[in-house]
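These are the residues of each chain, in order.
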Amino acid sequence: MIFETHAHYDDEKFDPDRVELLSHLLRENNIRKIVNVGATFKGCKDSISLAEEYDDVYAAVGIHPEEIHEINDEVIEWLRQNSSHPKVVAIGEIGLDYYWVKDEEERAKQRFWFKKQMDLAKAVNLPVIIHSRDAAEDTLNTIKLYNNTQNVKGIVHCYSYSKEIALEYVKMGWYIGVGGVVTFKNAKKLVETVETIPLDSIVLETDCPYMAPVPHRGERNSSIFLSHVATKIAEIKNVSVSEVERVTYQNALNIYKKVNTN
């Protein structure tokens, strides 16, 4: 069985076949649990709606760093209130994205709301899902602070940094999200990371509809394609695909403690 730890089935790209996928196609393709992750305020609401409609779907709620224009104290309070929903299993995706943001004042705003949402995760006792791009040092420093002083744990989603930084996360008891990028020809850093860290620190994810793996690169991604990710990890780690599926499934249950294990 495969646990999809990071999907966006609320995206309009799934409008034509969302019902078929979530009602039966994913389960028929060995996908047994899915966490649909909010990035915008609307995405958070839609993720909860999907979780309420489909047994296999759970929700994460949080505001992506590129969407912080949407966030204020009222939104934080909404996140707080809805974090108690029985199918809300994490705060995310939150974090830092400096790729397009060169202005230090704007980066400071991202850091402010990142910490606000980390504070929220601590207050409601939920793990976090971290988005980090071109912000390795600031992300790691923030996570070290919260890990050491408030014991907040989580997943570094769509991991793109060095194996050395990945080991820092692993030492803290965090998980590394690995998706379709690991199958790309230019994925040397991620392959090295998967080689280096233990399998019991890896979770499977797609970030669908984005980041489809080879041989589907360029297509709309879905959780069905996670079999290619599991196969590539098995090749790198020199273990069976079934072992990858078993261990990463348990890893996901370990971090998403509110997910029903049945």
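In this text the structure is predicted, and so the values were computed from the model without any measurement.

*Asks:* I keep staring at the sheet that holds strand 7 (residues 175–178) and nothing clicks. Help me out?
*Replies:* Strand pairs in the sheet, formed through backbone hydrogen bonds, run parallel or antiparallel to each other. Across the sheet, which stays open at both edges, the eight strands sit in the order 1-2-3-4-5-6-7-8 with parallel pairing between neighbours. Edge positions in the sheet fall to strand 1 (2–7) and strand 8 (202–204), since each has one partner strand and no second. For this sheet, the mean angle separating the axes of adjacent strands, direction not counted, is 30°. Two strands pair when backbone bridges link them, and strand 1 and strand 2 (residues 31–37) are joined in this way by four bridges, in the parallel orientation. Bridge pairing in strand 2 links A7 to N36.

*Asks:* Whenever I open this one, the environment of E70 confuses me. Can you help?
*Replies:* Relative to the assigned elements, E70 resides in the loop between strand 3 (57–61) and helix 3 (73–82). Each C-alpha atom, one on E70 and one on T40, is 7.5 Å from the other, the two residues being 30 residues apart in sequence. Not counting residues within four places of it along the chain, the set of residues in contact with E70 comprises T40, F41, I63 and V75. Looking at E70, its side chain comes within polar contact range of the main-chain nitrogen of F41, at 2.7 Å.

*Asks:* It is not clear to me how the packing of aromatic side chains should be interpreted in this structure. Could you clarify?
*Replies:* Pairs of aromatic rings are described using the distance from one ring centre to the other and the angle between the two planes. For the structure shown, the criterion picks out eight aromatic pairs. Pairing Y9 with F14 gives two aromatic rings, centres 4.6 Å apart and planes at 50°, and the pair type is tilted. Grouping residues by exposure puts Y9 and F14 together as buried. Each residue in the set F3, Y249 and Y256 is aromatic and connected to the rest through ring pairs, giving one cluster. Over the face of the ring belonging to F41 we find K45, whose NZ or CZ atom lies 4.2 Å from the ring centre.

*Asks:* Is there a simple way to explain the packing of helix 8 (residues 226–237) against helix 9 (residues 241–255) in this structure?
*Replies:* Two measures define how a pair of helices packs: the angle their axes make with one another and the distance between the axes. Two elements in contact, helix 8 and helix 9, have axes whose closest approach is 8 Å; the angle formed by their N-to-C orientations is 110°. Viewed along their axes, helix 8 and helix 9 adopt a mutual orientation that is roughly perpendicular. The residues of helix 9 that touch helix 8, namely those facing A230, T231, I233 and A234, are V241, V244 and E245. Classifying every residue of the contact of helix 8 with helix 9 gives five nonpolar, one polar and one charged.

*Asks:* What is the right way to read the pattern of salt bridges from this model?
*Replies:* Opposite charge on two side chains allows them to pair when their charged atoms are near. Tallying each qualifying case throughout the model produces 14 salt bridges. Across the salt bridge formed by D15 and R18, the nearest N and O atoms sit 2.7 Å from each other. By relative accessible area, D15 is classed as exposed at 52%. Between R220 and D17 there is a salt bridge, with the nearest N and O atoms lying 2.8 Å from each other.

Basis of the calculations
- Residues numbered from 1 in each chain as written.
- Predicted model: local features only at pLDDT ≥ 70, side-chain atom pairs only at ≥ 80, totals over all residues.
- Heavy atoms only, no water.
- Pairing = 2+ DSSP bridges.
- Helix = DSSP H or I, 4+ residues; strand = E, 2+ residues; numbered from the N terminus.
- Axes fitted to C-alpha atoms, helices over the stretch in contact; angles between N-to-C directions.
- Contact = heavy atoms within 4.5 Å.
- Polar contact = N/O pair within 3.5 Å; in protein donor to acceptor, adjacent residues only side chain to side chain.
- Phe/Tyr/Trp six-rings, centres within 6.5 Å; stacked < 30°, edge-to-face > 60°.
- Buried < 20%, exposed > 50% of the residue type's maximum accessible area, 1.4 Å probe, protein only.
- Lys NZ or Arg CZ within 6 Å of the ring centre and 35° of its normal.
- Parallel < 35°, antiparallel > 145°, perpendicular 65-115°, else oblique.
- Nonpolar A, V, L, I, M, F, W, Y, C, P; charged D, E, K, R; others polar.
- Salt bridge = Lys/Arg side-chain N within 4 Å of Asp/Glu carboxyl O.

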